[in-house]
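A look at the structure
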Amino acid sequence: MRIDRADVVVTSPDRNFVTLRLETDEGHIGLGDATLNGRELAVVSYLRDHVVPLLLGRDAHNIEDTWQFLYRSAYWRRGPVTMAAIAAVDVALWDIKAKAAGMPLYQLLGGASRTGLLAYGHASGKSTEELFDSVRKHQAEGYKAIRIQTGVPGLKSIYGIASNATFEANKGSRYDHEPAQRGASPAEEDWDTRSYLRHVPTVFEAVRNEFGPELPLLHDGHHRMTPIQAAKLGKSLEPYDLFWLEDCTPAENPEALRLVRQHTTTPLAIGEIFNTVWDYQQIIREQLIDYVRSAVTHTGGITHLRKVLDYASQYQIKSGMHGPTDISPVGMAAAMHLGLSIHNFGIQEYMKHGAKTDQTFRQSFTWQDGMLHPGTQPGLGVELDIDEAGKYPYQQAYLPYNRLADGTVHDW
Ligand code: KDG
Ligand code: MG
């Protein structure tokens, strides 16, 4: 079975998405997500200009060989652009193989290891009251695990909370939860780690008092702390029994996690901006984390992320795949098939896409009682409506960035 057509589809229904669509001489269509939030067109060019010409005529069944060929023949290995492009090819080929076999993809990955995937959603609020409302809303939608982010007194805007401007501009739509704002330049946000460290434990204390000890709670530090600050936060959150503390220190420095680990038993998750197994080598071997945050979309696809997770399983480290709205429905479906099949599944992040996105990408996953299931359609179970996609041209959007009070740029 040969690949005889490859298209890179860019669409912006509620936000930008890049999708690779492969077609074979036997009429099978495969989809892969190549969305890199805020830098989308770099991956479009990588695919269109450098990868698509190499795919035409290749045997669609040889997934591992195609992965190794794209990775090694480029010479310039790794990095988010390269690995998102390879991921899109990989997932599209898995989609095709599963369609050719007439099976949902998870069957080809070893079959289901569980009946569904526990998923967590994002509750947030500028104040504790707003946060409580948001937690209740998520519980009403069925969520059984919830990420908690709040405003910090003295700071105008903060990661994980819709800014006033974005919220007002997008009232009624779900776009307000997305930090990347449409426009010609990134929004500037402010940051103060000491205020944050004072405030966060009081928020978790209030949430535990209100919602009790059972509800799994998560928190994202978004790479903003030094190792000793992260250690302090982990320790101060221990009484509130977090499911995990995510990205407590910048992802580039794996050694930072050693110090954090020495000081706290709060479980640690990291990796949404990692791309390869080599980014994880040390932190898995030294057991410095508890959850792998990589998305299929940004880590070389199912073929590569499965290797990361198999390696992690030797150390009782579990999956916690990235699933904000910048992972397209295609990327989310890939995560669900992988998560259903592996033994060391931990939890899946799940934010609902907007209505226009759901019309553009027809999906067959189910969401019931706080659990996701990819469905039983052959392949990934997602169809891209090309006419619908064509209605929404690309719109420039940037993730925000941070400055401290004295004007210094800080990690966002
Ligand atoms: O594109 C960046 C977002 O995906 C990221 O900021 C979301 O940190 C995130 C998360 O945990 O979902
Ligand atoms: Mg995160």
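The rules behind these values
In this numbering scheme, every chain counts its residues from 1 along its sequence in written order. Lettering of chains starts at A and numbering of ligands starts at 1, both following the order in which they are written. Note on the predicted model: pLDDT of at least 70 is required for a residue's local features to be given, and 80 or more for side-chain atom pairs to be given and counted; whole-chain, interface and lining totals, by contrast, use all residues. The side-chain quantities take in all heavy atoms of the structure and omit both hydrogens and water. Fitting a line to C-alpha atoms yields each axis, with helices limited to the stretch in contact; the angle taken between N-to-C directions then spans 0 to 180 degrees. Numbering of helices and strands runs from the N terminus, with a helix taken as a DSSP run of H or I at least four residues long and a strand as a DSSP run of E at least two residues long. For this classification, under 35 degrees means roughly parallel, over 145 means roughly antiparallel, 65 to 115 means roughly perpendicular, and everything else is oblique. In this analysis, two residues are considered to be in contact whenever any of their non-hydrogen atoms come within 4.5 Å of each other. Each residue is assigned to one of three groups, with Ala, Val, Leu, Ile, Met, Phe, Trp, Tyr, Cys and Pro labelled nonpolar, Asp, Glu, Lys and Arg labelled charged, and all others, Gly among them, labelled polar. Note on exposure labels: buried denotes an accessible area under 20% of the residue type's maximum, exposed denotes more than 50%, and partly exposed covers the range between, all computed with a 1.4 Å probe on protein chains only. The criterion for strand pairing is that DSSP finds at least two bridges linking the strands in question. Domain start and stop points were drawn from an automatic or database domain assignment. Accessible area that two parts lose when put together, with a 1.4 Å probe and added across both, is what the buried area reports. Within this document, salt bridges are pairs made up of a side-chain nitrogen of Lys or Arg and a carboxyl oxygen of Asp or Glu, the two lying within 4 Å of each other. Here a polar contact is recorded for every N or O atom pair within 3.5 Å, except that within protein the pair must consist of a potential hydrogen donor and a potential acceptor, and residues adjacent in sequence are included only if both atoms are side-chain atoms.

Digging into the packing of helix 10 (residues 277–285) against helix 11 (residues 301–313)
- One can describe the packing of helix 10 onto helix 11 by two numbers: an axis separation of 10 Å at closest approach and a directional angle of 10°. In terms of axis orientation, helix 10 runs roughly parallel to helix 11. Each of Val 277, Trp 278, Tyr 280, Gln 281, Ile 284 and Arg 285 in helix 10 lies in contact with helix 11, whose residues at this interface are His 304, Val 308, Tyr 311 and Ala 312.
- For the contact of helix 10 with helix 11, a count of residues per class yields seven nonpolar, two polar and one charged.

Re the pairing of strand 8 (residues 217–220)
- Going residue by residue along strand 8, you find Leu 217 and His 219 tucked away on one face and Leu 218 and Asp 220 tucked away on the opposite face as well.
- As defined by bridge partners, strand 8 adjoins strand 9 (residues 244–246) across three bridges and the pair is classed as parallel. The residue of strand 9 that forms the bridge with His 219 is Leu 245.

Focus: the domain arrangement of the chain
- Domains assigned within the chain are domain 1 (3–107) and domain 2 (117–377).
- Placing the centre of domain 1 and that of domain 2 at their C-alpha centroids yields a distance of 26 Å.
- Counting from both sides, the interface comprises 33 residues of domain 1 and, opposite them, 42 residues of domain 2.
- Interface area, domain 1 with domain 2, both sides summed: about 2,800 Å², of which 60% is carbon and sulfur.
- Among the residues of domain 1 in contact with domain 2, Asp 14, Asp 33 and Tyr 106 are the three that bury the most area, contributing 24% of the side total.
- At the boundary of domain 1 with domain 2, the tally comes to one salt bridge.
- Counting across the interface, domain 1 meets domain 2 through 15 residue pairs in polar contact (both at pLDDT 80 or more).
- Going through the elements one at a time, strand 2 (17–24), strand 3 (29–33), helix 2 (63–73), helix 3 (80–101) and helix 4 (105–108) are the ones with two or more residues in the side of domain 1 that touches domain 2.
- When residues in the side of domain 1 that touches domain 2 are grouped by element, the largest group, eight residues, is from helix 3.
- Taken together, the residues of the side of domain 1 that touches domain 2 break down into 19 nonpolar, eight polar and six charged.

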